[in-house]
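Remarks on the overall topology
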Amino acid sequence: MNLLKRLLYKKRKFYDDDFDWNNYTADSYHRRLKQDVESQYQARSGAGDLSFDPASGRLDTKGAVLHPNQVLILETIGRLQPASVHEVGCGGGDHISTAQALFPEIMCFGGDRGASQLDLAVSRHPHMRDRFGLQDITMPYSRDWPKTDLVYSQAVLMHIHTAVSHFVALSNMFSVANNQVLLVENVQCHDFVADLHGLWSGGHLPWPDMHLYLAEGSTGARGVLASRVELSMTRLESDAQLREGQKPSARRLKRAAEDSARAIFGFARI
Ligand SMILES: C[S@@+](CC[C@H](N)C(=O)[O-])C[C@H]1O[C@@H](n2cnc3c(N)ncnc32)[C@H](O)[C@@H]1O
């Protein structure tokens with residue numbers, strides 16, 4: 001790396017994460033939302049656009065094509081029927097706002113560390129203004145954070161690789177979740193199952209019990225569902241099970257292993 005590149009690299013505050021979150025909206029997110037997401041999928045849905053069938057646990061999109069990850073999020077909410085939901089790293093707010101439209105009786109909130117991301121979220125969903133808040137999930141736990149029955153993230157932790165930040169984020173998500181945590185992330189970017197077991201056995205999670213399940217949406221997306229209570233779902237035993245059927249990315253898996261290796265769990269006697 002030449003000197004100029006090195007200086008620019010060092011100037012970046014969060015240089016081990018995939019993005020500089022302070023410039024993220026203008027640099028990447030807005031363009032990707034328009035070009036990659038909205039060109040193929042209905043990203044925003046209002047009241048009456050979608051319905052959920054509790055008997056089958058499936059979403060009826062009434063002909064609209066939703067991103068499989070959004071389907072997974074909405075179906076998980078419908079199946080669990082929490083009283084409240086919080087999205088960590090809500091970005092432009094489309095998922096949580098769609099959840100609010102589909103399930104008006106559930107209190108939905110979204111937090112993000114990017115002020116410009118939240119500006120975008122408010123511009124796309126002005127009626128949700130009071131439900132959005134600036135929140136860095138890698139900060140020490142704050143009692144001001146909303147506590148909800150279900151907490152989820154979509155495409156957030158997979159981009160966090162600075163020091164042990166993704167462990168801190170995971171632990172915080174459990175601290176603000178009364179019952180369940182859902183991770184809709186690229187499952188090759190972290191060893192989510194192994195990392196959660198490490199956090200659990202090291203005493204970093206506040207729940208008395210943790211059960212891991214494979215969350216599956218009706219259009220193919222998969223995620224990790226951690227629950228305080230047992231559920232009748234497919235148990236998730238390993239990262240290999242979570243990654244079944246995927247073409248392995250050697251680069252991502254190596255980075256995930258390096259991230260995991262930085263952890264020191266609990267208080268190990270010497
Ligand atoms: C790839 S975007 C995904 C946004 C949204 N979940 C979606 O699916 O459209 C990642 C988001 O995570 C947010 N983020 C990154 N680090 C965060 C942190 N430590 N705490 C809260 N949000 C964070 C970013 O600002 C950004 O909005």
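Right, let's walk through the structure included here. Just so it is clear, the structure is predicted and the values come from calculations on it, not from any experiment.

Procedures and definitions
Residues numbered from 1 in each chain as written. Predicted model: local features only at pLDDT ≥ 70, side-chain atom pairs only at ≥ 80, totals over all residues. Near = placed C-beta within 6 Å. Nonpolar A, V, L, I, M, F, W, Y, C, P; charged D, E, K, R; others polar. Pairing = 2+ DSSP bridges. Helix = DSSP H or I, 4+ residues; strand = E, 2+ residues; numbered from the N terminus. Axes fitted to C-alpha atoms, helices over the stretch in contact; angles between N-to-C directions. Contact = placed C-beta atoms within 7 Å. Buried ≥ 20, exposed ≤ 12 C-beta atoms within 10 Å, placed from the backbone. Right-handed = clockwise from strand over helix to strand, strands pointing away.

**Notes on the site of the ligand**
In the neighbourhood of the ligand, 21 residues make up the surrounding shell, with Gly89, Gly91, Arg113, Gly114 and Ile137 lying closest. Among the residues forming the shell around the ligand, the class breakdown is eight nonpolar, 10 polar and three charged.

**Focus: the sheet that holds strand β3 (residues 84-88)**
Across the sheet, seven strands lie side by side as β5-β4-β3-β6-β7-β9-β8; this open sheet has mixed pairing. Lying at the two open borders of the sheet, with one neighbouring strand each, are β5 (132-134) and β8 (211-216). Each adjacent strand pair in this sheet contributes to an overall mean axis angle of 20°, direction not counted. Pairing of strand β4 (residues 107-112) with β5, which is carried by three bridges, proceeds in the parallel orientation. Note that in β5 the partner of Gly110 across the bridge is Phe132. Where helix α4 (residues 94-102) meets the sheet, its contacts fall on β3, β4 and β6 (148-154), and the angle it forms with β4 comes to roughly 175°. In this fold helix α5 (residues 115-124) packs onto β4 and β5, with an angle of close to 170° to the strand it touches most, β5.

**Quick word on the pairing of β3**
Burial within β3 is extensive, with four of its five residues counted as buried. Relative to β4, β3 runs parallel, the two sharing five bridges. Pairing of Val88 across the sheet is with Gly111, part of β4. Of the crossover connections in this fold, the one passing from β3 over α4 to the parallel β4 is right-handed. Sheet topology places β3 next to β6; four bridges connect them, and they run parallel. Bridging across to β6, Glu87 finds its partner in Tyr152.

**Considerations on the environment of Pro54**
Looking at the element boundaries, Pro54 is found in the loop between β1 (51-53) and β2 (58-60). Judged by the 9 C-beta atoms lying within 10 Å of it, Pro54 falls in the exposed class. When the C-alpha atoms of Pro54 and Arg79 are compared, they prove to be 6.6 Å apart, with 25 residues separating the residues in sequence.

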